[in-house]
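One-letter residues, chain by chain:
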Amino acid sequence: MKKMTEIFARKLFGVKCEHLKKVLLIDIIVFWGLHTAGYRIAVSPFIIYFMVSAFSSSVMWRALMSEDNAANLKNLFMLPFEERTFVFSYVSVMGGYTLLTKTAGLLAVLLAVSAWSGAAVGFRLLYAVACAANAVLVTACVFTWRKRRFLGILWGGVLTAAIFLLWDQAVFFPVMAASCLLAVWLLSGTSAYAFYHQDNTNKYLLKSSGQPSIGRYLLRYLISHKNYMMNTVVLWGIACVLPVFFRQIYAQDLAQEALQDFARTQGQFVLPVGFAILSVNTPIGILLSCDPALERAVRFLPGQGKRFCIPYTLFIFLCNMTADLIFLGSSWFWLGGVPAAALMEAVLFAMLAAAGSVLLEWFFPIRNWKIENDLWHHPRKYVVPAATLLLAGLAATICGL
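Keep in mind it's a predicted model, so treat the numbers as computed, not measured.

### Some words on the overall build of the protein
Alright, step 1. Scanning the protein from terminus to terminus reveals 17 helices and zero strands.
Alright, step 2. When burial is assessed residue by residue, the protein has 43% of its 401 residues classed as buried.
Alright, step 3. Taking all contacts inside the protein whose residues are at least 6 apart in sequence as the whole, residues at least 24 apart take part in 82%.
Alright, step 4. Surface accessibility of the protein: about 21,300 Å² in total, with carbon and sulfur atoms responsible for 70%.

Below, the structure written as structure tokens:
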């Protein structure tokens, strides 16, 4: 089992775990920086338990769905192996990758800004780690159930109910431990081939008629990757609830008549923040980074840069603009109106974010990633929203002078 584990670990963590050491060092720096800043917020323990569970589950699922991972599994299946050893080695490494490189960063931020103190910190951290580990094991178990995914939904619903209802009860930790043991028992009888995910992207990309079209390719690429579509739909949901969040922060005590004045006076500050948040649609901004073969083809042929980058910019612009329009409609409903120039502002922000994303992909593509999950969580995704937000703050300050 040790040898099999090393095979998987070297790809994800590096030959001498250099990637893992770098990530953990960054987590420590982030924790120390936020902790010494003295900023504290009251976070209920069950919210943290739910956050780490949902986050760990989604990261583990995307890691198991990785196309690059599927190719490696296909090569390993040609070698002789013992079924149970393969399964537990694979799940332990993928789970360790999820917990140590992704969930650890989330916990570092949450622990640094939470108002926890005393002996409660140790117990709550233990419970949070137990929730994250349970989420990883349950996700691995459900991933292998091709035709019984409804059981996974039921299992997840029971665990969510336990987090919200039993988080302060003595029985909470035994429930999480029992769920982990059940997942381990089920994985012990799972076939290693159940973790192989067949890529069906080509059936969407190869069917074409008429002249070649970059726009058609991008649309089919988005449709063929269901997780990309889901991320876009989630952004639309965020666009709906962001105005409610802003209203609670800035105008929760205002009467309905005052909301219109709030929308007119504070819109120049609130709306750009929403536009910047909604531009963090990571999957559509990494199409060249996640597909090296496509990048080589685009760069190799003369004149392909312009032919690819312009449709790609328009494609991201349409995605950003859809989310911004939903945000404006929700703002009009919840805040009692929006400034007259809000639509032009939305167009400007959507176009700037699209152009910035494409320029980053063209001149600074992400290299040396292990699996697609690393692309989703790369810090580069915050560069464009931060730049547009700073630009909006500068413009608002100049206009207010």
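### Concerning the packing of aromatic side chains
Alright, step 1. Tallied over the entire structure, the rule returns 15 aromatic pairs.
Alright, step 2. Here Phe46 and Trp167 contribute two aromatic rings whose centre-to-centre distance is 5.7 Å and whose plane-to-plane angle is 40 degrees, an arrangement assigned as tilted. Here Phe46 is found in helix 3 (residues 45–64), whereas its partner Trp167 is found in the loop between helix 7 (149–166) and helix 8 (172–188), with 121 residues between them in sequence.
Alright, step 3. By relative accessible area, which is 24% here, Trp167 ends up partly exposed.
Alright, step 4. A ring pair is formed by Tyr49 and Phe172, whose centres lie 5.6 Å apart and whose planes are at 20 degrees; its orientation type is stacked. Here the residue Tyr49 occupies a position in helix 3, and Phe172 occupies one in helix 8, the gap between them amounting to 123 residues. This pair shows no difference in class: Tyr49 is buried, exactly as Phe172 is.
Alright, step 5. Members of the aromatic cluster, joined through ring pairs, are Trp61, Phe86, Tyr90, Phe143 and Phe195.
Alright, step 6. Between Arg299 and the ring centre of Trp362, over which it is positioned, the NZ or CZ distance is 4.4 Å.

### Examining helix 7
Alright, step 1. Look at helix 7: 25 Å from first C-alpha to last across 18 residues, which is about the 26 Å you get at 1.5 Å a residue.
Alright, step 2. Where helix 7 is concerned, the buried positions are Gly152, Trp155, Leu159, Ala162 and Ile163. Each buried residue of helix 7 sits inside an arc of 100 degrees when the element is viewed along its axis, so together they form one side. Residues of helix 7 that are exposed and point more than 90 degrees away from the buried face comprise Phe150, Ile153, Leu154, Val158 and Leu165.
Alright, step 3. For helix 7, the secondary structure elements touched by its buried residues are helix 3, helix 6 (120–143) and helix 8.

### What to know about the state of the cysteines
Alright, step 1. Under the definition given, this model contains zero disulfides.
Alright, step 2. Cysteine Cys180 shares no disulfide, and the gap to the nearest cysteine sulfur, in Cys131, comes to 8.9 Å.

### Section: the packing of helix 6 against helix 7
Alright, step 1. Contact geometry of helix 6 with helix 7 gives a least axis separation of 9 Å together with a crossing angle of 165 degrees. Here helix 7 runs roughly antiparallel to helix 6, going by the angle between their axes. The handedness of the crossing between helix 6 and helix 7 is right-handed. For the pair formed by helix 6 and helix 7, the contact residues are Asn134, Val138, Cys141, Val142 and Phe143 on the first element and Arg149, Gly152, Trp155 and Leu159 on the second.
Alright, step 2. Tallied by class, the residues present in the contact of helix 6 with helix 7 amount to six nonpolar, two polar and one charged.

### A closer look at the pattern of salt bridges
Alright, step 1. Taken as a whole and judged by the stated rule, the model has three salt bridges.
Alright, step 2. We note a salt bridge from Arg380 to Glu361, for which the minimum N-O separation is 2.7 Å. With Arg380 in the loop between helix 16 (372–376) and helix 17 (383–400) and Glu361 in helix 15 (residues 342–363), this residue pair connects regions lying 19 residues apart in the sequence. Summarising the burial analysis for this pair, Arg380 and Glu361 share the class buried.
Alright, step 3. Salt bridges sharing common partners tie together Glu295, Arg299 and Arg367.

### Digging into the environment of Val93
Alright, step 1. Following the sequence through the fold, Val93 ends up in helix 5 (residues 83–113).
Alright, step 2. When the C-alpha atoms of Val93 and Ile7 are compared, they prove to be 9.6 Å apart, with 86 residues separating the residues in sequence.
Alright, step 3. Those residues within four positions of Val93 in sequence are excluded, and the remaining contacts are Thr5, Phe8, Ala9, Leu12 and Phe13.

### A closer look at helix 10 (residues 214–224)
Structural remark: α-helix, 3.6 residues per turn; residues separated by three or four positions point the same way.
Alright, step 1. Looking only at helix 10, the buried set comprises Tyr217, Leu218, Tyr221, Leu222 and Ser224. Projection of helix 10 onto a plane perpendicular to its axis shows the buried side chains occupying an angular sector of 165 degrees, all on one side.

### Things to note about the side chain of Ser330
Alright, step 1. Take Ser330: it is sitting in helix 14 (residues 304–334).
Alright, step 2. A relative accessible area of 9% places Ser330 in the buried class.

### Examining the environment of Asp324
Alright, step 1. Assignment of secondary structure puts Asp324 in helix 14.
Alright, step 2. In the structure, Asp324 is positioned 23 residues away from Val347 in sequence and 8.4 Å away in space, judged by C-alpha atoms.
Alright, step 3. With near-sequence residues (within four places) excluded, Asp324 lies in contact with Phe275, Leu278, Ala346 and Ala350.

### Quick look at a nonpolar patch on the surface
Alright, step 1. A grouping of Met230, Val233, Val234, Trp236, Ile238, Val241 and Ile277 is seen on the molecular surface, where their side chains present a nonpolar patch of about 570 Å² in accessible area.
Alright, step 2. Tracing the backbone through its elements, the reader meets Val234 in helix 11 (residues 226–250).
Alright, step 3. For Val234, a relative accessible area of 44% corresponds to the partly exposed category.

### Focus: the packing of helix 6 against helix 8
Alright, step 1. Close contact between helix 6 and helix 8 brings their axes to 9 Å; oriented N to C, the two are set at 25 degrees. As far as their axial angle goes, helix 8 and helix 6 are roughly parallel. For helix 6 against helix 8, the interelement crossing comes out left-handed. Residue-level contacts link Leu126, Tyr127, Ala130, Cys131, Ala133, Asn134, Leu137, Val138, Ala140 and Cys141 of helix 6 to Phe172, Phe173, Met176, Ser179, Cys180, Ala183, Val184, Leu186 and Leu187 of helix 8.
Alright, step 2. Grouping the amino acids of the contact of helix 6 with helix 8 by side-chain chemistry returns 17 nonpolar, two polar and no charged.

Rules used throughout
- Residues numbered from 1 in each chain as written.
- Predicted model: local features only at pLDDT ≥ 70, side-chain atom pairs only at ≥ 80, totals over all residues.
- Heavy atoms only, no water.
- Helix = DSSP H or I, 4+ residues; strand = E, 2+ residues; numbered from the N terminus.
- Buried < 20%, exposed > 50% of the residue type's maximum accessible area, 1.4 Å probe, protein only.
- Contact = heavy atoms within 4.5 Å.
- Areas by Shrake-Rupley, 256 points an atom, 1.4 Å probe, with all protein chains shown as cover.
- Phe/Tyr/Trp six-rings, centres within 6.5 Å; stacked < 30°, edge-to-face > 60°.
- Lys NZ or Arg CZ within 6 Å of the ring centre and 35° of its normal.
- Expected span 1.5 Å × (residues − 1).
- Arc of directions from axis to C-beta.
- Disulfide = S-S within 2.5 Å.
- Axes fitted to C-alpha atoms, helices over the stretch in contact; angles between N-to-C directions.
- Parallel < 35°, antiparallel > 145°, perpendicular 65-115°, else oblique.
- Left-handed = near helix turned anticlockwise from the far one by under 90°.
- Nonpolar A, V, L, I, M, F, W, Y, C, P; charged D, E, K, R; others polar.
- Salt bridge = Lys/Arg side-chain N within 4 Å of Asp/Glu carboxyl O.
- Patch = residues over 30% accessible without salt bridge, like charges linked within 9 Å, V, L, I, M, F, W, Y side chains within 5 Å.

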